[in-house]
Amino acid sequence: MDIQLVRTVNGEVARYDGRHVDEIRPVKITRHWTSAPEGSVLIEAGNTRVLCTASWVEGVPRWRHDSGLGWVTAEYAMVPRATSQRTQRDSVRGHVAGRSEEISRLIGRSLRGVVDFAAMGENQILIDCDVLQADGGTRTASITGAYVALVDAVEWAREKGLIARNATVLRDQVSAISVGVIQGVPMLDLPYPEDSTAGTDMNVVMTGEGKFIEIQGTAEHGPFDRDQLNTLLDLAAKGNADLQKLQREALEQQ
């Protein structure tokens, strides 16, 4: 892709889309985007769009029976034309793609990090994240949107009397953002043109208290040092704080 990803304007680094290095893409969180699920959110981060739904299901997996504890799990998939070239559905392929399975597990782990399972009772919340359009950061957008859908599913269960009104099922917020080093410059929230050429690529999941749930990072084109790592984590902390503010604003709306 013939795009000048990094340039200098008036002595400051500028990105190809005009953002500052510590600026997230425009994000829009739309709740109740579909009417059937207990929680339903469309999250748009730049040109990436993900539909996140949360389904309340009575009962838990067999291995969880008689524990008094609930469970949260997730599935992630991309629709066939989420990208520039069509991909086969897993149902046609006959198995779940390794990437989809790995991201599904990441989303589930991220959400479970803020859930009090005892407060749920023996019930499940099943999260589905379907990427409608992909332009980088689909897994991080999925986590950020899924949290909002999860909140709505919990409130639905509370209103139906399926959990106690004073039960604190969710102990904190959770969101995720990507960071990376592009042509030697640390940057926040990478769209596909940056992500695909990043020297270092990292996804960071954080709580509202600023604690880390998961850090996925790798050097694609040469190792990174501790100073670069610290810079990337600082960027991620800022980005997650920005996203969590948007989550709260979305949840305040009717």
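Being a predicted model, the structure only gives us computed values, none of them experimental.

Caption draft 1: Spotlight on the nonpolar core. Within the largest apolar cluster, 59 residues are counted, with the highest numbers of intra-cluster contacts made by Val72, Ile107, Leu111, Ile125, Ile127 and Leu170. No other element matches the 11 residues that helix α4 (residues 138–159) contributes to this core. Sequence-distant contacts of Val72, that is, excluding residues within four places in its chain, are made with Leu111, Arg112, Val115, Phe117, Met120, Ile125, Ile127 and Leu150. Counting residues in each nonpolar core, the second largest holds 5 residues, with Ile182, Val185, Met187 and Ala198 among its members.

Caption draft 2: Up close: the UniProt feature "binding site: phosphate" (unreviewed entry) in the protein chain. Sequence positions flagged by UniProt for "binding site: phosphate" (unreviewed entry) are, in local numbering, Arg99, Gly137, Thr138 and Arg139. These annotated residues cover 41 residues of sequence, and their C-alpha atoms all fall within 13.6 Å of one another, placing them together at a single site. Within the fold, Gly137 resides in the loop between β7 (123–133) and α4. Beyond its immediate stretch of four places on either side in the chain, Gly137 contacts Arg25, Thr48 and Leu190.

Caption draft 3: Quick peek at α4. Taking 1.5 Å as the rise per residue, α4 with 22 residues should run 32 Å; its terminal C-alpha atoms sit 31 Å apart, in good agreement. Among the 22 residues in α4, 19 count as buried, and that is most of the element. After α4 finishes, the residue Gly161 shows a positive phi value of roughly 75°.

Rules used throughout
- Numbering of residues begins from 1 in every chain and follows the order in which that chain's sequence is written.
- The model is predicted, so local features are restricted to residues of pLDDT at least 70 and side-chain atom pairs to those at 80 or more, both for listing and for counting; the totals for chains, interfaces and linings are taken over all residues.
- As a convention, hydrogens and water are excluded, and side-chain values are obtained from all of the structure's heavy atoms.
- Only buried residues count toward a nonpolar core, which is a set of Ala, Val, Leu, Ile, Met, Phe, Trp, Tyr and Cys residues joined through side-chain atoms within 4.5 Å.
- The classification of residues rests on relative accessible area computed with a 1.4 Å probe and restricted to protein chains. Under 20% of the type maximum is buried, over 50% is exposed, and intermediate values are partly exposed.
- The helix count covers DSSP runs of H or I at least four residues long, the strand count covers runs of E at least two residues long, and both are numbered beginning at the N terminus.
- We call two residues in contact when some of their heavy atoms are within 4.5 Å.
- UniProt positions are given in the numbering used here, feature names are shortened, and annotations may be inferred rather than shown by experiment.
- To estimate the expected span of a helix, count its residues, drop one, and scale the result by 1.5 Å.

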